[in-house]
Amino acid sequence: MNHLNQDSLTQAVIERLAHTPNPRLKEILSSLVTHLHAFARDVHLTEEEWFQGIEFLTATGQKCTSTRQEFILLSDVLGLSMLTVSMQNDKPQGCTESTVFGPFHVPNAPQYENGADIANGASGQPCHVHGFIRGKSGEAIANATIDVWQADDEGHYDVQKEGLDHAQARGVLHSRTDGSYDFKSIVAEAYPIPTDGPVGHMLEATRRSAWRPAHLHFMIQAPGYQTLITHVFRRGDKYLEADPVFGVRQSLIADWVRQSDGLTDLAFDFVLNPVV
Ligand code: BEZ
Ligand code: FE
């Protein structure tokens, strides 16, 4: 113990975890220590550099509030969110792909009937969104809970607007007996993820774009099916290839069709994976 050196330190830390009662916690922490130490060795991390790292993580924590989740942003821009999403949602062919949750979901959003306008004052071009919720075998899923949220045409979610006291461009609906759903809202536009915190500074230091391609967020839940958390992206958006959070999937890109009456139409069907 008194003779620990840079070669024996990693094993010593792992041995300290030997009595962790929860085996999964033990596995995760042991692997974390192994990989963290390997990383430090790999880049020959100096004390000054690690101190800067600690300052960065401290600033990330200090930036967090109930409506500003800087740690989620950090996980997202490092690709870690999308890696865990991809590993856990390796679904059969035909099921709708999952993507990042993001930091702007709000639990208990207002409930709406099908056909309602969920914009509730949010600025943007009018949009009609409709489709079906089905299972993998094509069966209609009735009464699925459809939680939808999006930014306005200036790229702001309602929770980012100071002084706004009601939900905008978010709501909860339920699919009809035949699995169909429809609602009105506004056309989503591309927007930058928040850049006024440590994650934004990191993007700047690495010359990365902060712009997310236009999208609508969905969380769809139904008994007997895996919860689906996903987006629908807009075909032709110039940021599709450079999403800072790596969330774009080809199968989630849809045509948002501007009609002669000025209304944009978006048709998108969701296929849920049954729980086995
Ligand atoms: C979002 O789409 O709301 C989002 C996702 C990841 C990071 C920031 C924002
Ligand atoms: Fe978003």
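Look up: the structure comes first, before these words.
Student: Break down the coordination of the iron ion (ligand 2) for me, citing the residues and quoting the values.
Tutor: Coordination of the iron ion (ligand 2) by the protein is provided by Y157 (OH), Y191 (OH), H215 (NE2) and H217 (NE2), with metal-donor distances spanning 1.8 to 2.1 Å. Around the iron ion (ligand 2) sit 6 donor atoms, and with donor-metal-donor angles ranging over 55 to 165° the site reads as irregular. Counting gaps between the donor residues of the iron ion (ligand 2) yields the pattern Y-x33-Y-x23-H-x1-H. A residue pair is termed long-range when its members are at least 10 positions apart, and Y191 in strand 5 (residues 191-192) and H217 in strand 7 (residues 215-221) qualify at 26 residues. Each member of the pair, Y191 as well as H217, carries the same accessibility label: buried.

Student: Which residues make up empty space enclosed by the protein, and what values go with them?
Tutor: Enumeration over the complete set of coordinates arrives at 1 cavity of 30 Å³ or more. When its volume is computed, the largest cavity comes out at roughly 80 Å³. Lining the largest cavity are L73, D76, V100, G102, P103, F104, Y191, I193, R212, H217 and V245. Counted by class, the lining of the largest cavity contains 7 nonpolar, 2 polar and 2 charged residues.

Student: Requested: an account of unusual backbone geometry, with residues and values cited.
Tutor: In the Ramachandran plot, A169 falls in the positive-phi region, its phi being about 55° despite a non-glycine side chain. Looking at the element boundaries, A169 is found in the loop between strand 2 (145-149) and strand 3 (170-174). One non-glycine residue, R207, lies in positive phi territory at about 55°. With respect to the helices and strands, R207 occurs in the loop between helix 6 (198-205) and strand 6 (211-212). Using a relative accessible area of 71% as the deciding quantity, one classes R207 as exposed.

Student: Report on the pattern of salt bridges, specifying residues and quantitative values.
Tutor: Where side chains of opposite charge bring their charged atoms close, a pairing between them can arise. Enumeration over the complete set of coordinates arrives at 11 salt bridges. A salt bridge links D196 to K63, with the nearest nitrogen and oxygen atoms 3.8 Å apart. Residue D196 is found in the loop between strand 5 and helix 6, and its partner K63 is found in helix 3 (residues 47-63); the two are separated by 133 residues along the sequence. You can call D196 partly exposed: its relative accessible area is 49%. A salt bridge links R235 to D255; its shortest N-O distance comes to 2.8 Å.

Student: Just give me the short version of the site of ligand 1, but keep the residues and values in it.
Tutor: Neighbouring ligand 1 are the residues L73, D76, G102, P103, F104, Y157, Y191, I193, R212, H215, H217 and V245. Contact between ligand 1 and H215: an oxygen atom at 2.9 Å from a side-chain N or O atom of the residue. Contact between ligand 1 and H217: an oxygen atom at 2.9 Å from a side-chain N or O atom of the residue. Taken by itself ligand 1 offers 260 Å² of open surface, and the protein chains cover 100% of this. Structurally, ligand 1 is housed in the largest cavity. Among the residues making up the shell around ligand 1, the classes are represented as 7 nonpolar, 3 polar and 2 charged.

Rules used throughout
Residues numbered from 1 in each chain as written. Chains lettered and ligands numbered in written order. Predicted model: local features only at pLDDT ≥ 70, side-chain atom pairs only at ≥ 80, totals over all residues. Heavy atoms only, no water. Donors = N, O, S within 2.8 Å, 3.2 Å for Na, K, Ca; no water. Tetrahedral: all angles 85-135°; square planar, octahedral: opposite > 155°, others 65-115°. Helix = DSSP H or I, 4+ residues; strand = E, 2+ residues; numbered from the N terminus. Buried < 20%, exposed > 50% of the residue type's maximum accessible area, 1.4 Å probe, protein only. 1 Å grid on protein atoms, 1.4 Å probe; cavity = no way out; pocket = protein on both sides within 12 Å on 5 of 7 lines; lining within 4 Å. Points joined across faces, edges and corners; volume = space filled by probe spheres on them. Nonpolar A, V, L, I, M, F, W, Y, C, P; charged D, E, K, R; others polar. Salt bridge = Lys/Arg side-chain N within 4 Å of Asp/Glu carboxyl O. Near = heavy atom within 4 Å. Polar contact = N/O pair within 3.5 Å; in protein donor to acceptor, adjacent residues only side chain to side chain. Areas by Shrake-Rupley, 256 points an atom, 1.4 Å probe, with all protein chains shown as cover. Sits in = over half its atoms within 2 Å of the grid points.

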